[in-house]
Amino acid sequence: MIEEIITSGRMNPEIDPLLHIWGWEISLYLYIGGLVAGILFFSALLVLLNKEDKFTFSVKMLPLSAPVLLGIGLLALFLDLSHKLYFWRLYTIIRLNSPMSWGAWTLMAIFPLSVLWCCIWLKDNFTTFKWPYTWLDALFETGKKYRKLIAWMLVGLSLILGMYTGILLSAFNARPFWNTSILGPLFLVSGLSTGAAAIILFSKNRQERRLFSKVDMALIGVELFFIIHLFMGFLAGVRVHIQAAELFLGGPYTAPFWIFVVSLGLILPALLEFLELKQFKIPHVIPAVMVLFGGLLLRIIVVSAGQASRWLY
Amino acid sequence: MRYAMAIDTKKCVGCSDCVVACQLENDVPEGYCRDWIVEITTGTYPDLQTEIRSERCNHCANAPCVRCCPTGASHFEDGGIVLVQPNECIGCKACIAACPYDARYVHPDGYVDKCTFCLHRVKKGQQPACVAVCPTKCLYFGDIDDPRSKISLLLKKRKWKTLIPEAGTDPKIYYLI
């Protein structure tokens, strides 16, 4: 057997022996990005389908959480920066080659739009609520008149937001586990699925919960399909891709990924949602919490595993 | 003009003089390095082969760090040198994730730092610090666009390789083998 011993004199902090530049902040942000994308996507889509009075929780109430969640996500991103006082440099340039630049500008567009979306529905949500100034009232009434136009923009932006959280990682050729184009669609579907789970978790309307149980089951099906393709692609790839897949097929990520993400975060909740639709008495909270937890763990594991996979030379 | 470096693995003894010279010249913070020595032994005893390399940023022509930088802090200077502008860097670390050679690190002051090919010396007509101090003279720095430069002639005469060319980065550090 030919053996190879590599000795390196480099020992830079956070780089050696294993890359560890991104921790919980990035995982949490990617998770929140996906979740918010899901929440806003379904809200806007139902408006476009003229269902805003039928499914009031997902259209009008849940989006109130979007700006708050985005705020938490942006705070996490900010905490991750190591040269914090220069963060405004992001907004001095548009760099089409950089997914991070895309993300920064998407957030710049979707954040104010989500605030506007919340304000439009405030009077519907809280009947006694009144805007302190008449011009504010007039502004948001006008906004409501153009809600379909705003909904179209939200659908587009939320899809970009959900997709970019995955593309951000898949653009790194240097980290073989991230470097697969299926990561974008996978994170988008996972984000939509967590958005549906949030609706199931908090909605008081049984019909709404049943609809989103079905939607969530379909999304979980697609997600499982993508995960299988992710590994098929790696195993049919070059040596570094095979090694990246082996991190999950016998390597250190095997148990957390297949038990907690795939089994407890996808397959079991889909099964519970199915049984609930078949009139079994299962609290709707359980599958919803499992999906939300599985989504977070997926981000944590993918962010960590990518940094553990590398080219050897 | 295209700056590049050639490193003669047959002459390098792995003394780390280049590492120390770089740290002193560029005021590299303690515990960090911009260049480093790698020793690779392959084969089965007693048929062993050892290669010693002085490694650093490859100043790639298709640099993934420049591509992914959201602010343009990572950029190409004249001659293809890849540099970081500290007051444009937000410390997002995307470039560190993008580098297959792991040549970058976060400076304790917050911005991302790396080998500059000693641009401040090159501008004065001097050699990069690592090249200048090498006791075995195994490092060559120069312009590969000039067919009469020493490095161009060496690359024509000797066999060479680059590191992970399959990563598509088009690296500009050549290892003479």
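Small disclaimer: the values here were computed from a predicted structure and weren't measured.

Student: Which residues make up unusual backbone geometry, and what values go with them?
Tutor: Across residues other than glycine, the phi torsion is negative in most instances, and most of the peptide bonds are trans. Along the chain, Asp16 of chain A connects to Pro17 of chain A via a cis peptide bond; the corresponding omega equals -5°. Checked against the element boundaries, Pro17 of chain A lands in the loop between strand 1 (3–8) and helix 1 (24–48). Unusually for a residue other than glycine, Asn50 of chain A sits at a positive phi of about 60°. Position of Asn50 of chain A relative to the elements: it lies in the loop between helix 1 and helix 2 (56–61). Of note, the phi angle at Asp27 of chain B is positive, near 55°, even though the residue is not glycine.

Student: Go over the interface of chain A and chain B, please, and point to the residues and values.
Tutor: Facing 41 residues of chain A, the contacting portion of chain B comprises 48 residues. Across the interface of chain A and chain B, roughly 3,800 Å² is buried in total on both sides, 56% from carbon and sulfur atoms. Our enumeration of links across chain A and chain B arrives at 3 salt bridges. Residue Asp80 of chain A pairs with Lys93 of chain B through a salt bridge whose shortest N-O separation is 3.3 Å. Seen at the junction of chain A and chain B, the total is 24 residue pairs in polar contact (both at pLDDT 80 or more). Mapped by element, the contributors of at least two residues to the side of chain A that touches chain B are strand 1 and helix 4 (99–125) of chain A. Two elements, strand 1 of chain A and strand 2 (residues 36–44) of chain B, share 6 bridges in a ladder whose sense is antiparallel. Residue pairing across strands places Ile6 of chain A opposite Ile40 of chain B, the latter belonging to strand 2 of chain B.

Student: Talk me through the nonpolar core; I want residue IDs and the actual numbers.
Tutor: In terms of nonpolar packing, the biggest core is built from 149 residues, with Trp22, Trp117, Leu169, Phe177, Trp178, Phe248 and Phe257 of chain A touching the most fellow members. Per element, the largest residue contribution to this core is 16 residues, and it comes from helix 1 of chain A. Among residues more than four places away in sequence, those in contact with Trp117 of chain A are Leu40, Ser43, Ala44, Val47, Val59, Pro63, Arg147, Ile150, Ala151 and Leu154 of chain A. Core analysis: the second largest hydrophobic core is formed by 8 residues, Ala4, Ala6, Leu155 and Leu176 of chain B among them.

Student: Which residues make up the environment of Leu161 of chain A, and what values do they have?
Tutor: Residue and element names in this part refer to chain A. Here Leu161 is to be found in helix 6 (residues 147–170). Taking the relative accessible area as the measure of exposure, Leu161 reaches 0% and is therefore buried. Counting along the chain gives 27 residues from Leu161 to Leu188, while the straight-line C-alpha distance between them is 8.2 Å. Apart from residues no more than four positions distant in its own chain, Leu161 is found in contact with Tyr29, Gly33, Val36, Ala37, Thr106, Leu107 and Ile110.

Student: Please provide a residue-by-residue account of the state of the cysteines, values included.
Tutor: Evaluated as defined, the whole model comprises 0 disulfides over all chains. You can see Cys119 of chain A has no disulfide; the closest cysteine sulfur is in Cys118 of chain A, sitting 6.6 Å from it. Overall, the relative accessible area of 14% leaves Cys119 of chain A in the buried class. Take Cys115 of chain B: it sits in no disulfide, and the sulfur closest to it among the cysteines is that of Cys57 of chain B, at 5.5 Å.

Student: So, the sheet that holds strand 2 of chain B: which residues are in play, and what are the values?
Tutor: With antiparallel pairing, the 3 strands of this open sheet are ordered in space as 1(A)-2(B)-3(B). At either margin of the open sheet sits one strand with a lone partner, and together these are strand 1 of chain A together with strand 3 (47–55) of chain B. Taken pair by pair, the neighbouring strands of this sheet meet at an average axis angle of 15°, ignoring direction.

Student: Which residues make up the sheet that holds strand 9 (residues 160–161) of chain B, and what are the values?
Tutor: The strands making up a sheet are joined through hydrogen bonds of the backbone, oriented either antiparallel or parallel. Residues and elements named next belong to chain B. The mixed open sheet is built from 4 strands, whose spatial order is 8-1-10-9. Every interior strand has two partners, whereas the edge strands, strand 8 (139–143) and strand 9, have only one. Looking at chain direction, strand 1 (residues 3–8) and strand 8 are connected through 5 bridges and run antiparallel. Counterpart to Ile7 in the pairing with strand 8 is Leu139. Against the sheet, helix 6 (residues 150–157) touches strand 1, strand 8, strand 9 and strand 10 (173–176), its axis set at about 115° to strand 8.

Student: Tell me what's going on with a nonpolar patch on the surface, and back it up with residues and numbers.
Tutor: All names here are of chain A. Where nonpolar side chains cluster on the molecular surface, the patch consists of Trp24, Leu75, Phe78, Leu79, Phe87 and Trp88 and spans about 620 Å² of accessible area. Take the nonpolar patch: its biggest share by element is 3 residues, from helix 3 (residues 65–80). Along the chain, the position of Phe87 falls in the loop between helix 3 and helix 4.

Student: Go over the side chain of Arg56 of chain B, please, and point to the residues and values.
Tutor: All names here are of chain B. Tracing the chain through its elements places Arg56 in the loop between strand 3 and helix 2 (64–68). You can call Arg56 buried: its relative accessible area is 2%. In terms of polar contacts, Arg56 uses its side chain to reach the side chain of Ser54, at 3.0 Å. The contacts of Arg56, once residues within four sequence positions are left out, are Met5, Ile7, Cys18, Arg34, Asp35, Trp36, Ala103, Cys115, Phe117, Cys130, Leu139 and Ile173.

Calculation rules
Residues numbered from 1 in each chain as written. Chains lettered and ligands numbered in written order. Predicted model: local features only at pLDDT ≥ 70, side-chain atom pairs only at ≥ 80, totals over all residues. Heavy atoms only, no water. Helix = DSSP H or I, 4+ residues; strand = E, 2+ residues; numbered from the N terminus. Contact = heavy atoms within 4.5 Å. Buried area = accessible area lost by both parts, 1.4 Å probe. Salt bridge = Lys/Arg side-chain N within 4 Å of Asp/Glu carboxyl O. Polar contact = N/O pair within 3.5 Å; in protein donor to acceptor, adjacent residues only side chain to side chain. Pairing = 2+ DSSP bridges. Core = buried A, V, L, I, M, F, W, Y, C linked by side-chain atoms within 4.5 Å. Buried < 20%, exposed > 50% of the residue type's maximum accessible area, 1.4 Å probe, protein only. Disulfide = S-S within 2.5 Å. Axes fitted to C-alpha atoms, helices over the stretch in contact; angles between N-to-C directions. Patch = residues over 30% accessible without salt bridge, like charges linked within 9 Å, V, L, I, M, F, W, Y side chains within 5 Å. Areas by Shrake-Rupley, 256 points an atom, 1.4 Å probe, with all protein chains shown as cover.

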